[in-house]
Number of protein chains: 2
Amino acid sequence: MVTLPGQMHVSHFERLHALPLTAVDIQAGFWKDKQAVNRHNSLPHGFAMLEESGALDNLRIAAGMKSGEHRGMRFQDSDVYKWLEAASYELAKADDPALRQQVDAAIDLIAAAQMEDGYINSYYQIKFKPENRWTNEAHDHELYCAGHLFEAAVAHHRATGSRRLLDIACRFADHIDTVFGKGKREEAPGHQGVELALIELYRETGEIRYLALAEFFINERGKNTMKGWAYFSPSYYQDRVPVRDNDRVEGHAVRAMYLTSGMADLYLETGEQALLDALHRQWHDFTSHKMYITGGAGARHFDEAFGEPYELPDDTGYCETCAAIASIMWNWRMLRVTGEARYAALIERTLYNGFLSGVSLDGRTFFYVNPLLVREAHVRQPWFQCACCPPNVMRLIASLNRYLVTVSVGELQVHQYAGAAIAADIPEVGPVHLTMETAYPWEGTVRITVDDVGSGDWRLRLRVPDWCSAPRVQLNGQPVEAVLEESYLLLARRWQSGDVITLELPMAPRLMRAHPYVSSSRGALALERGPLVYCLEGIDQPEAAHVLQAQLDPNTAFEVEPRPDLLGGTVLISGYGFLPDLSAWENRLYLPHHVASVLPRRPVELRFVPYHQWGNRGTGPMRVWVPMD
Amino acid sequence: MVTLPGQMHVSHFERLHALPLTAVDIQAGFWKDKQAVNRHNSLPHGFAMLEESGALDNLRIAAGMKSGEHRGMRFQDSDVYKWLEAASYELAKADDPALRQQVDAAIDLIAAAQMEDGYINSYYQIKFKPENRWTNEAHDHELYCAGHLFEAAVAHHRATGSRRLLDIACRFADHIDTVFGKGKREEAPGHQGVELALIELYRETGEIRYLALAEFFINERGKNTMKGWAYFSPSYYQDRVPVRDNDRVEGHAVRAMYLTSGMADLYLETGEQALLDALHRQWHDFTSHKMYITGGAGARHFDEAFGEPYELPDDTGYCETCAAIASIMWNWRMLRVTGEARYAALIERTLYNGFLSGVSLDGRTFFYVNPLLVREAHVRQPWFQCACCPPNVMRLIASLNRYLVTVSVGELQVHQYAGAAIAADIPEVGPVHLTMETAYPWEGTVRITVDDVGSGDWRLRLRVPDWCSAPRVQLNGQPVEAVLEESYLLLARRWQSGDVITLELPMAPRLMRAHPYVSSSRGALALERGPLVYCLEGIDQPEAAHVLQAQLDPNTAFEVEPRPDLLGGTVLISGYGFLPDLSAWENRLYLPHHVASVLPRRPVELRFVPYHQWGNRGTGPMRVWVPMD
């Protein structure tokens, strides 16, 4: 086992090791701006919404500090926990008395609400008698809320050093451990999340019972018994077959990928091959059959679920923002397990597209659902009755630092490019310091300065995104030998302080096609540049309806237009296509081919905008997959 | 007002008049076979299923003849009523002691179950106290079941002359009239059906209170208050706006079109223009935005509902068999209101495609859902937990006779072509008799012999289907002058007994396109011939996967191959296309266009089968919209 100086728990079975919370400081560029908006706009907005939605009042009522009815969803407490997790990551970056006061106030409420035996769940505490706890786990989200409390507690402890929330979490976890287990309640939660959270709690506290309890919940799943209302079958809950036997991502997408994240965490600690095999099969099913080009997950509105293979409608696609987050969480763990670039590549794709579309430029409104075709309107909302997404967005943006860099013996890996200072302790090398500068995702140049070389001899591994076929790398302005090894450029040398590596990732616009089995993308093209998926938005066309009417000429030349003045900075892309005369279609849904195939058409310019930025200038039609000529 | 000799009630505002139940005898050909299967296979199978599913037991328990719990859906009684309606139509055609015994036994149970005050609903009678009746109309289907009882009662009375079931129905209707109305319970049912049924009951009995009650229920709808479980909004129930203000078909497709059928019935009696205007707007929304090429209705599985305009996914399309039936019911009323061919054309399209796919060739298994693309498997079932579709199929096939012919002053209209003897009383002409012979839908020749000319001078109007651009008509083997007037060929003359009209409707295969806003049909073609939509089915291709892989050459010649030996008689169509080499797509969902656009491909023969016949030879992939070259 590797020992990381100054590092917390190191999982036995990880190839790549995460850095401590504050090791990477995102200090410039795209993500610096996003983190600033998240800190200064989203977090205060979120706290106000916790108050307005009753989430904080629920805790007050549970604590006996106030009277009244429970408000909101049965899992309303989790909004508070996710917000606390996000705020903790921000406190780790820099103190802010106002934010700290809100954090402490929220923890005060949680502490006051916690019962003698460690139990906390305001919905149950207010609505039910104590003996009704844990009686409807498939549906009632008690363990789901506990999981978010544990994640918040670990984040808060790492960020502040305070054990206050961690102790609350441990008391609750200890209580759960008395209730669930072999010979006790033998059942898994309906909504996953507690598994990965218990493992994090184990990592933070060293309490092996928490790891065992996580494993117990993972093993309990798959008895084919969970049902809900009239509609939800066991596969909705990933309960159709035992987790190790499942070849599919199925059912509710967030649950499915919180589960696979927990399974990957369990593998990281136990190295059980059957878990990893199942994860590989399910990842294959996801990426080969059930993933949108934005990284989005979940084809179906009704049960927020994965569909059948190739069921990826653009208009009714669900792509819940939380599912994008869950996918990033899963892929982050797979990356540490395997060291393989494809997981970092999918984190990148999801981050810049299916995830980031979930939040407005000002950080105060959110999409719950992220379709790839909107014919009329789709508007971000300040909050939701089921408000899982907004604070989930906040915790991901606030903790983005963790996804950039990992280390292993004698090696540092850069997976994501952003303007950042990196202070890493490379095993068997010692502390190094690097500065990364880039205008990513708008430009493909990344400049890395090695400020502090440690013991000098070590390897630097730079990920080459799967969209880039011709990376160029230089050292101090000169060509340098770098091996391209499984999508990473490997630079192994004795570093000198002040060495500058320049990586060029050319970002030519490129046209993508979807698998021919996907009905809604047939005969259509998606435009990408760098890590960004583009779309047509009504406001950028002479007439909004062009979004729905136009065809793209696949042989068009594209013009790339940096627009620092627009959308807080963007790069637009223009190309040419055709506008058919659709008058023959008026009041018709079906026409003979010989009529429909000879419609006159005229050339038209089409202007594309990054998908994640759409819907920030009013609403109207939008599409990712543009029909071809 | 027209008086039809020997006819029952004639609605004040109908342009075309229906004939009595037994006026049209389907005596040969396609529909004769379907009616025989329905009578000899489906009806006995259905009765057995009523027993097995508990539907009959529920009535026994409600009657106190048996003890036990209610089984099945809260609207389980309606299965019995729909079966009774179907069986009654068959008894009208010819007696069958075994069938008559089952009908009488079912009526005995209903009579025994009916309470003193007229109320019948086994679910409420068994599960609830009497005072809980009518307390949850949005959800509990008490009025929906009543409606099906009324329809069955009218059919049984018309078929047999017996008032037994009709009296039961009237007692229940009278009871409902004491409960609902201005100053009484002022609410509409959550699931429509009672409106059209009350109007039928009014027509059969002359009791004006039933018409008034139907109007009351129609007027009550649209308060934007109905909700169900966590999911269903007022538009699910067509309760978003008052019915006369609605421009959309929206929500649950069957409810929506049982409602429009009831509205059309109300217009037929009252002539209220606002109702007709709303019907025209909603019909336009349906046929211009929300209808599958099969006539299928309902894009969404979750709430069995219409989607947004152009939301017509082929794989996850719902197209409930009952929704096809509801559409036929609505269009049949619109046809009588307006006399316009487009309604008869849509009946034809729906009947031969989206409806008929709902039942197997042997009449003993059923599709609830009728998608246009199946990638793996979709299998007809003997019955369903929610068994609305099977007995609905039975009553439509058994009553198909009514849709063929109508009359008006001095005129007889033929809307649908089938081998049939027609004994019609043409107003101001008197009784005429015609014999129609045709191999429709396989061949486009229709031969009509005028056996009995009545007073001699009258007009014959023959519908020219919208798919036929070059109809030919002859009289006694000679060209005859016939005006093509709004899609009807009009022959006005002094008929001679023995006159033979021969109508030729050439049935060349034709390729259809869907509106470019429909994502899932983009770049794809549907093959039609005559009234039939065709599809590719796995079993007819060298490899089943060709269904998903092949592209159709839009310039292919088609070979039409009559196959009396296959599928109880069919016409297959073969054409050519291409089979691309998809190996570049292995494990990939997205590829650069420059890779995906140069896949090698080889020519392949593609064999099409009528959509309504698919899934009768095992299961496997099927598709209607075939990607183009």
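Structure: above.
Calculation rules
- Residues numbered from 1 in each chain as written.
- Chains lettered and ligands numbered in written order.
- Predicted model: local features only at pLDDT ≥ 70, side-chain atom pairs only at ≥ 80, totals over all residues.
- Heavy atoms only, no water.
- Buried < 20%, exposed > 50% of the residue type's maximum accessible area, 1.4 Å probe, protein only.
- Helix = DSSP H or I, 4+ residues; strand = E, 2+ residues; numbered from the N terminus.
- Pairing = 2+ DSSP bridges.
- Contact = heavy atoms within 4.5 Å.
- Buried area = accessible area lost by both parts, 1.4 Å probe.
- Salt bridge = Lys/Arg side-chain N within 4 Å of Asp/Glu carboxyl O.
- Polar contact = N/O pair within 3.5 Å; in protein donor to acceptor, adjacent residues only side chain to side chain.
- Nonpolar A, V, L, I, M, F, W, Y, C, P; charged D, E, K, R; others polar.
- Phe/Tyr/Trp six-rings, centres within 6.5 Å; stacked < 30°, edge-to-face > 60°.
- Lys NZ or Arg CZ within 6 Å of the ring centre and 35° of its normal.
- Core = buried A, V, L, I, M, F, W, Y, C linked by side-chain atoms within 4.5 Å.
- Least-squares fit on C-alpha atoms with pLDDT ≥ 70 in both.

## What about the pairing of strand 5 (residues 411-414) of chain A?
Residue and element names in this part refer to chain A. What you see with strand 5 is no split at all: E411 and Q413 on one side and L412 and V414 on the other are buried throughout. In this sheet, strand 5 lies alongside strand 4 (residues 405-408) in antiparallel orientation, the contact comprising four bridges. Its bridge partner lying in strand 5, S408 is registered against E411. The antiparallel hairpin formed by strand 4 and strand 5 contains two residues in its connecting segment, where G410 sits at a positive phi of about 70°. Summarising the sheet, strand 5 and strand 9 (residues 457-463) pair through four bridges and their orientation is parallel.

## Topic: the interface of chain A and chain B
The interface is formed by 56 residues belonging to chain A together with 56 residues belonging to chain B. In this assembly, chain A packs against chain B so that about 4500 Å² is buried in total across both faces, 59% of it on carbon and sulfur atoms. For the chain A face of the interface with chain B, the top three residues by lost area are R522, L589 and Y590 of chain A, together amounting to 19%. Across the chain A-chain B interface, the total number found is zero salt bridges. The interface formed by chain A and chain B holds 25 residue pairs in polar contact (both at pLDDT 80 or more) in total. Counting only elements with at least two residues in the side of chain A that touches chain B, the list comes to helix 12 (273-289), strand 15 (510-514), strand 16 (524-529), helix 16 (546-549), strand 21 (590-592) and helix 17 (593-596) of chain A. Sorting elements by how many residues they give to the side of chain A that touches chain B places helix 12 of chain A first, with five residues. Here the side of chain A that touches chain B is composed, by residue class, of 33 nonpolar, 14 polar and nine charged.

## As for the packing of aromatic side chains
Scanning the model with the defined rule gives 67 aromatic pairs over all chains in all. Both rings, one in W283 of chain A and one in Y343 of chain A, keep their centres 4.8 Å apart while their planes meet at 65°; by these two values the pair is edge-to-face. Of this pair, W283 of chain A sits in helix 12 while Y343 of chain A sits in helix 14 (residues 341-355); the two residues are 60 residues apart in sequence, bridging distant segments of the chain. Its relative accessible area of 8% is what places W283 of chain A among the buried residues. Here the aromatic cluster, defined as three or more aromatic residues joined through ring pairs, consists of F232, Y236, Y237 and F302 of chain A together with F232, Y236, Y237 and F302 of chain B. The ring of W495 of chain A carries the charged tip of R493 of chain A above its face, separated from the ring centre by 5.6 Å.

## Concerning the nonpolar core
Membership of the largest hydrophobic core comes to 435 residues, with the highest contact counts inside it found for F150 and L412 of chain A together with F150 and L412 of chain B. Leave out the neighbours within four places in its chain, and L412 of chain B touches V405, T406, V407, I422, A424, I426, V432, L434, W458, R459, L460 and R461 of chain B. A138, M226 and Y236 of chain A together with F232 of chain B belong to the second-largest nonpolar core, a separate cluster that totals 14 residues.

## Some points on the relation of the copies chain A and chain B
One copy of the chain maps onto the other through a rotation about an axis followed by a shift along the same axis. When chain A is brought onto chain B, the operation consists of a screw motion whose angular component is 180° and whose axial shift is 0.0 Å, with 0.0 Å RMSD remaining. On this basis, the relationship between the two copies can be described by a two-fold rotation axis. By C-alpha distance to the rotation axis, the residue of chain A lying nearest is S520 of chain A, at 2.1 Å. Interface overlap between copies is the fraction of interface residues in one copy that are interface residues in the other; for chain A against chain B it reaches 100%, indicating a shared surface.

## Quick word on the sheet that holds strand 2 (residues 24-28) of chain A
All names here are of chain A. Spatial ordering of the open sheet is given by 2-6-7-8-14-10-11, a layout of seven strands whose pairing is antiparallel. Only two strands of the sheet have a single neighbouring strand rather than two, namely strand 2 and strand 11 (478-479). By the bridge criterion, six bridges tie strand 7 (residues 430-438) to strand 8 (residues 445-452) in an arrangement that is antiparallel. Across the sheet, T435 pairs through a bridge with T449, a residue of strand 8.

## Some thoughts on unusual backbone geometry
All names here are of chain A. For the peptide bond that leads from Y440 to P441, omega is 0°, which places it in the cis range. Checked against the element boundaries, P441 lands in the loop between strand 7 and strand 8. Unusually for a residue other than glycine, E428 sits at a positive phi of about 65°. Structurally, the position occupied by E428 is in the loop between strand 6 (419-426) and strand 7. When its relative accessible area of 71% is taken as the criterion, E428 is described as exposed. Within the chain, N476 stands out as a residue other than glycine whose phi angle is a positive 50°. Its location among the elements puts N476 in the loop between strand 10 (472-475) and strand 11.

The analysis is restricted to geometry; functional conclusions fall outside its scope.
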